[in-house]
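# Inside the fold
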Amino acid sequence: MRVLVTGAAGFIGMHCAERLLARGDEVTGADNFSPLLRFFKFYVLRLGFLDGVPGLVHISIGCMNSFMKYAKLAELRRADGEEMRRGL
């Protein structure tokens, strides 16, 4: 079966995708990793700037987390591509 998992970079989405893959399904994962979009959404649109410095610290940590997820996924994708080229 072909399955689309939204939020695949998060804890629940990642584990769902892993179980589906183990079951033999064809899985496509989707998530939004853009730290700038996250910053704009939470700090500007949701008025996080009204919280002052604590609000800025909170969103900065969230954006860093988003960036680190994106970097880890890129690293895993590159490693999978190298394994495919080597025939593993």
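Being a predicted model, the structure only gives us computed values, none of them experimental.

### With respect to the confidence of the model for the chain
Per-residue pLDDT for the chain has a mean of 80; in total, 88% of the residues score no lower than 70. For the chain, helix α2 (residues 35-45) is the element with the lowest average pLDDT, namely 76, and strand β1 (residues 2-6) is the one with the highest, namely 89.

### Considering the pattern of salt bridges
Think of it this way: side chains of opposite charge can pair up when their charged atoms draw near. Evaluation of the coordinates by the stated rule reveals three salt bridges. Here E26 ties to R2 by a salt bridge, and the two come within 3.8 Å at their closest N and O atoms. Of this pair, E26 sits in strand β2 (residues 26-30) while R2 sits in strand β1; the two residues are 24 residues apart in sequence, bridging distant segments of the chain. Among the ionic pairs, D25 bridges to R23, the shortest N-O distance being 2.6 Å. On the basis of relative accessible area, D25 is assigned to the buried category, the value being 10%.

Criteria and thresholds
- Residues numbered from 1 in each chain as written.
- Predicted model: local features only at pLDDT ≥ 70, side-chain atom pairs only at ≥ 80, totals over all residues.
- Heavy atoms only, no water.
- pLDDT = per-residue confidence, 0-100.
- Helix = DSSP H or I, 4+ residues; strand = E, 2+ residues; numbered from the N terminus.
- Salt bridge = Lys/Arg side-chain N within 4 Å of Asp/Glu carboxyl O.
- Buried < 20%, exposed > 50% of the residue type's maximum accessible area, 1.4 Å probe, protein only.

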